[in-house]
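Structural overview for review
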Amino acid sequence: MYRDGALVAEDFPASEVGERLAADDHAVIWLDICGPREDDLKLLAEELGMHELALEDVVQQAQRAKLDRYDTHLFLNTYMVRLDAAGGLTDVEVSAFVKPRALVTVRYNDRFDIRELLARWDESAELAPHGVAFLLYGLLDTLIDGHFTAVQQLDSTLEQVQGVMFKGGATNRDEVQRRIFTARRNLVRLRQVTLPMREVVNSLMRPTMHTVDPQMLPYYQDLYDHVLRVIEWSDSLRDLNTTMLETNLMLQNNQLNLIVKKVTGWASIIAVPTAVTGFFGQNLAFPWRHTSAEFVISLVVTFGLAISLYLVFRKKTWI
């Protein structure tokens, strides 16, 4: 519990939230729930008067990032994202109930480290007198910075893929293909998470929401700018990813054309002795069944034509 920006109480029972808010008009309370149970939802409904539809959204996970407005509070649903060691994008759903003097965060597991949020609040302690607007700003800033870090890492990943794309080799091409598709999947998921955040932050800045005071408005505008940068950056990376995919397929087609060209060249050379021996009637006969001159002539013609074709194809880099 905060009063005038100062921490005055902590670790008290959640059942006292409503009583403490009613007893102190200057109190602002943050309540964190990890792994919500039925008792927790019942407490939110009784102590803080949360709307049943908002509580239903908490139960039904995998909601899209959004901001819903009810008569007495706002309901925010968003995601923390990060790249794991395998290069895949993992997301953690985080919900929040926003009241004039209370913020309730709901985490479905401890993969969202609450210590990051506490550290962010400590970094901006001078803004604490702004109450819920300050607490909500710290939460959104932590989440959006996670989006920004993820898009930076995806950019670095695509740069690494570009570096190995032209090295050739069947194994290398398969690895490049796999990493391109992985990056594409990550970018699609990141866009699904970040794109709705533009409207979420924009809605919070509206005066009709009565959430952000004029002093905190520049900080929320900075959040909005960060969201736009993440969206624009992810869109450009999606275009780059598509170009890389097309380029990789083009390189594979070029490699296939080179292989076909070389095979065709060698097939042309091999066809020479077949034609010569057929012309001289040597299809089934052995050399000693013919005169020496006939055999020598056929050998000279065969090797002469074969070597000539080889030299011509080699000069044209066809083989």
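Up top is the structure these notes are about.
All of the points below concern the structure found in this document. Please read all numbers here as calculations on a predicted model, not as lab measurements. (Residues numbered from 1 in each chain as written. Predicted model: local features only at pLDDT ≥ 70, side-chain atom pairs only at ≥ 80, totals over all residues. Heavy atoms only, no water.)

**Some thoughts on the pattern of salt bridges**
Summed over all chains, the structure comprises 14 salt bridges. Between R120 and D141 there is a salt bridge, and its shortest N-O distance comes to 3.0 Å. Residue R120 is found in helix α4 (residues 114-123), and its partner D141 is found in helix α5 (residues 132-165); the two are separated by 21 residues along the sequence. Under the relative-accessibility criterion, R120 is labelled buried at 18%. (Salt bridge = Lys/Arg side-chain N within 4 Å of Asp/Glu carboxyl O. Helix = DSSP H or I, 4+ residues; strand = E, 2+ residues; numbered from the N terminus. Buried < 20%, exposed > 50% of the residue type's maximum accessible area, 1.4 Å probe, protein only.)

**Brief notes about the sheet that holds strand β5 (residues 74-83)**
Sheet strands pair via backbone hydrogen bonds, and the direction of the pair is either parallel or antiparallel. Spatial ordering of the open sheet is given by β2-β1-β3-β7-β6-β5-β4, a layout of seven strands whose pairing is mixed. Of all the strands in the sheet, just β2 (6-7) and β4 (66-69) have a single pairing partner and so form its edges. In terms of strand pairing, strand β1 (residues 2-3) meets strand β3 (residues 27-34) through two bridges, oriented antiparallel. When the sheet's bridge partners are listed, R3 is paired in β3 with A27. (Pairing = 2+ DSSP bridges.)

**Focus: the environment of T302**
When you line up the elements, T302 lands in helix α8 (residues 292-315). In the structure, T302 is positioned 30 residues away from V272 in sequence and 6.3 Å away in space, judged by C-alpha atoms. Not counting residues within four places of it along the chain, the set of residues in contact with T302 comprises V272, P273 and V276. (Contact = heavy atoms within 4.5 Å.)

**Side note on the packing of helix α2 (residues 38-47) against helix α3 (residues 52-59)**
Two numbers describe how α2 lies on α3: the axes approach to 11 Å, and their chain directions differ by 160°. The angle between α2 and α3 falls in the class roughly antiparallel. Judged by the twist between their axes, the crossing of α2 over α3 is right-handed. Within the contact between the two elements, α2 uses L41, L44 and A45 and α3 uses L55, V58 and V59. (Axes fitted to C-alpha atoms, helices over the stretch in contact; angles between N-to-C directions. Parallel < 35°, antiparallel > 145°, perpendicular 65-115°, else oblique. Left-handed = near helix turned anticlockwise from the far one by under 90°.)

**Let's talk about the nonpolar core**
Among the nonpolar cores identified, the biggest contains 40 residues, and F112, L136, L139, L140, L204 and Y220 are the most heavily contacted of them. Listed by contribution, the elements that provide at least two residues to this core are β5, β6 (89-99), α4, α5, α6 (170-204) and α7 (217-279). In terms of residue count, the dominant contributor to this core is α5 (ten residues). Not counting residues within four places of it along the chain, the set of residues in contact with Y220 comprises A133, L136, Y137, L140, V201, L204, M205 and V212. Counting residues in hydrophobic clusters, the runner-up holds 24 residues, among them L41, L43, F75 and V104. (Core = buried A, V, L, I, M, F, W, Y, C linked by side-chain atoms within 4.5 Å.)

**What to know about the layout of surface pockets**
One number sums up the size of the largest pocket: a volume of about 460 Å³. Together, 19 residues line the largest pocket, and M1, Y2, L7, E10 and W30 are the ones closest to its centre. Within the residue set of the lining of the largest pocket, elements represented by two or more residues are β3 and α4. No other element matches β3, which puts four residues into the lining of the largest pocket. Of the residues contributing to the lining of the largest pocket, the split by class is 15 nonpolar, no polar and four charged. In this model, the second largest pocket occupies a volume close to 220 Å³. Along the walls of the second largest pocket sit 17 residues, with K99, P100, M209, H210 and T211 positioned nearest its centre. (1 Å grid on protein atoms, 1.4 Å probe; cavity = no way out; pocket = protein on both sides within 12 Å on 5 of 7 lines; lining within 4 Å. Points joined across faces, edges and corners; volume = space filled by probe spheres on them. Nonpolar A, V, L, I, M, F, W, Y, C, P; charged D, E, K, R; others polar.)

Any functional reading would require information that these geometric values do not contain.
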